[in-house]
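Topology and contacts: notes
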Amino acid sequence: MKYFIEYASYNSKLRNFDTAGKLLLSISMLFCGICGNNIFSLIFILCTAIYFTVFKSGTDLIKYIKMYISPAIFIILGVITISLNIYTERTGIISLPFFANKFICITENSIKLGVITAIKAFSCISSMYFIILTTDIYKITGVLQKLKIPYLIIELMFIIYHFIFVLSERRDCIILSQKSRLGYNGFMQSINSFAKAFSSVFILSFIRVSKIYNSLEARCFDGNFKFSKTDINKKEFIHSVIISIIIVSIFIFMEVFL
Amino acid sequence: MNIIELKNINFTYGDKTQALKNINITIEECKTTVILGENGAGKSTLFTLLNGIIKPNSGEYRFNGNIVNYSKKELFYLRKNIGIVFQEPDNQIFSSSVYDEIAFGPRNLKIPEYEIDNIVKESAKETDVTEYFEKPVHFLSYGQKKRVSISSILAMKPKVIIFDEPSACLDVVQKDKLYSLYKKLKNKGITIIISTHDIDFAYKIADNAIVLKNGECIFNGKIDDLFANDKIVQKSCLKYPPVYILYNELIKKHIIKNTYCTPKTIEDIITILNNV
C-alpha cells in the first residue's frame, strides 16, 4: 500500500494521456464538488471520478477503496459533529438530555447537511485521487510550472511528497527490526516499541535528510529545484476540455433541476 | 600532473572528532586512485572535503593547480568538476523519475533543456539505465539505483569522479559491469577516486593508492609499491590480493620469472603461464 500511488500512476492506462487535460478534468470535478449543494449532483461527480480512476485508468478497486479509509474517519467525525446540535427544547428525530435544560438533538436538516458535507468531501477527494492515481508526480509538477503556479508551492509539493517516503521507509525499517526481536509481543511491549520507533524515526530521517542534502549540494544544487517541463498534447487536451464541459453541464443541470 | 593536492589538511567535526589529521596527498590526473582504510579512517570525510561540502579547519587544497578559496563561484567550479557517487544510492537519488534524477546535475549547471536531453540519454546509455527513464525511483533495485546514481554524476561531465564504496552490496555481474565502466571512464581521461574494502577489486583497477588510518595518511603512491611494503600493509590491517600472493608464490617456486609487470587478474597470470 505504501507505494500504491506511484504503482497505480505508473501502471495507469491513462498515464500517457495529456497531463494538462487530466489536471483540467480533475480541477473541474473538484470545483463542482466544492460548489455543489445537491446530493445527486455530488454523487454524479463522485461516480464520474471513480469511473475515470477505476474503470478507465485500471486502478485496483480494493486498494482504491482502502485509500478512502483514512479520510473517511475524519469525514465521519465531521458529519457527527455537524449532525449534533444543542437546543433548549426537544426537537428533531432524536433528542437526548444534556445539562441545564439543554438537549442534544439530531434534526432532519442537520442529517441532510452532514450527508451532503460527507459526499461533498468524498467527491473532492475522488477528484484529487483521479489525478494522483493516473499521473506521475514529475508530470504534474511540469504542468503546474507551465501554468505559472508559484514556484514555492510546486517545490513544497515536491518536497512533502518526497519526504513522506523518507519517513515511511525509516518507520518500516525500525518496525521490522523491532518485530524481528519480538518488539510487538503483548500490549505493553507494543506501546513501548511504538514509542521508541516514533522517537527514532524523526532522528533517523533527519540524518538521512542531511545526507540527501549533501548529495544535492555535491551536484551544484543552488536551493531551487528545476523540474522538467511537460508538453501539452493539443488533441488530447481538447478531448479533456470537451469532457470537462460535459461534466460541468450535467452537474449544473442537476444542481438546478433536481 | 596532479589534479588534486592537499597540504597539511585538518578537519574536526562539531563533536570534536578529528576526522582528518595533517593530510598530505596528491592525486594524479587521468589515473585511478583507490583510498583504502578501515571503517572510520576518514575516507568519506575526505570525499566530502574534496567536493567542497565541508571546509578544512586548516591546510591548503589545490584543484587543477589553483588554491580552492571556497567562494560561491569556486565551489560551483569544484562541484562541476568533481562528482561524488555516494555509497548509498538511496541517499543520493532524490527526484521522482530516473530521467529527472540524471537531469538534476545538468539543470543545476544551467545547461539548456534541449542539450540536457542528449546528455541524459548519453549518460544513461553508459550505465544501461535508458529503459527505466520514466520509472519511479522507488521501484528500482539496488543495482539499478546504483547505476542511476552513477549516471547522474556522469551527466555533469566531471573531470574527477569519486566512488564511495562502489562495489558494496553488488553481485558479481554488477561488479563486472562496474569494472567495465571504470575502464571506459579511464579511457576517456577521467580521474577516478575509489574508496573500497574490496582489496581484490582495488588491486585490479587502481594505478595509485592512498591508505588512511585514524584520519592520517600513511601511504600515497603506486599500488604495487603499497603491496611491496609489508610494514604499511600490516599497519593498515590490509590483506594481500589473492592474485598478488599467487604471482609471488609462482615466482618463489621458480615456475615463472619476475616480469616486473605485476598481473592484476587471474587471466593475466594464465597468460603468463601460457607463455612459460
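In this text the structure is predicted, and so the values were computed from the model without any measurement. (Residues numbered from 1 in each chain as written. Chains lettered and ligands numbered in written order. Predicted model: local features only at pLDDT ≥ 70, side-chain atom pairs only at ≥ 80, totals over all residues. Heavy atoms only, no water.)

Turning our attention to the interface of chain B and chain A. Across the boundary between the two partners, chain B contributes 31 residues, which contact 31 residues of chain A. Of the roughly 2900 Å² buried at the junction of chain B and chain A (both faces included), carbon and sulfur atoms supply 60%. Among the residues chain B hides against chain A, the three largest losses belong to B:Asn91, B:Phe94 and B:His138. Together they make up 27% of the total. For the pair chain B and chain A, the number of links is 4 salt bridges. The partner of B:Lys110 in a salt bridge is A:Asp222, with the nearest N and O atoms 3.2 Å apart. (Contact = heavy atoms within 4.5 Å. Buried area = accessible area lost by both parts, 1.4 Å probe. Salt bridge = Lys/Arg side-chain N within 4 Å of Asp/Glu carboxyl O.)

This part covers helix α5 (residues 69–83) of chain A. All names here are of chain A. With 15 residues, α5 extends 21 Å between its outermost C-alpha atoms, agreeing within 8% with the 21 Å of an ideal straight helix rising 1.5 Å per residue. Within the span of α5, buried status applies to Pro-71, Ala-72, Ile-75, Val-79 and Ser-83. One face of α5 carries all of its buried residues, which in axial projection span an arc of 100 degrees. Every exposed residue of α5 that faces more than 90 degrees away from the buried side is listed here: Ile-73, Phe-74, Leu-77 and Thr-81. Close packing links the buried residues of α5 with β1 (84–87), β3 (103–106) and α6 (108–134). (Helix = DSSP H or I, 4+ residues; strand = E, 2+ residues; numbered from the N terminus. Expected span 1.5 Å × (residues − 1). Buried < 20%, exposed > 50% of the residue type's maximum accessible area, 1.4 Å probe, protein only. Arc of directions from axis to C-beta.)

All names here are of chain A. Along the chain, Ala-118 turns up in helix α6. Of the residues examined, Ala-118 reaches a relative accessible area of 12% and is grouped as buried. Placed 130 residues apart in sequence, Ala-118 and Val-248 show a C-alpha to C-alpha distance of 20 Å. Look past the residues within four positions of Ala-118 in its chain and what remains in contact with it is Ile-75 and Val-79.

Before going further, it helps to examine the nonpolar core. Counting 41 residues, the largest nonpolar core has B:Phe163 and B:Leu226 as the members making the most contacts within it. Among the nonpolar cores identified, the runner-up in size contains 33 residues, and B:Ile9, B:Ile27, B:Leu78 and B:Ile82 belong to it. (Core = buried A, V, L, I, M, F, W, Y, C linked by side-chain atoms within 4.5 Å.)

Turning next to the pairing of strand β7 (residues 160–164) of chain B. Residues and elements named next belong to chain B. Counting buried residues along β7, 5 of its 5 residues qualify, which places the element largely inside the surrounding structure. Of the two faces of β7, the one lined by Val-160, Ile-162 and Asp-164 and the one lined by Ile-161 and Phe-163 are each fully buried. Both β7 and strand β8 (residues 191–195) contribute to a ladder of 5 bridges, which runs parallel. Along β8, the bridge assignment pairs Ile-161 with Ile-192. (Pairing = 2+ DSSP bridges.)

A separate point is the pattern of salt bridges. With the rule as written, the count across this model stands at 26 salt bridges over all chains. Of the charged contacts, one joins A:Asp136 and A:Arg15 as a salt bridge, the two residues approaching to 2.9 Å between their closest N and O atoms. Placement of A:Asp136 in the loop between α6 and α7 (137–146) and of A:Arg15 in the loop between α1 (4–11) and α2 (19–35) is noted, with a sequence separation of 121 residues between them. Judged by its relative accessible area of 3%, A:Asp136 falls in the buried class. Take A:Arg15: its relative accessible area is 9%, and that puts it in the buried class. In this structure, a network of salt bridges that share partners links the residues A:Arg15, A:Asp136, A:Lys139 and B:Glu134.

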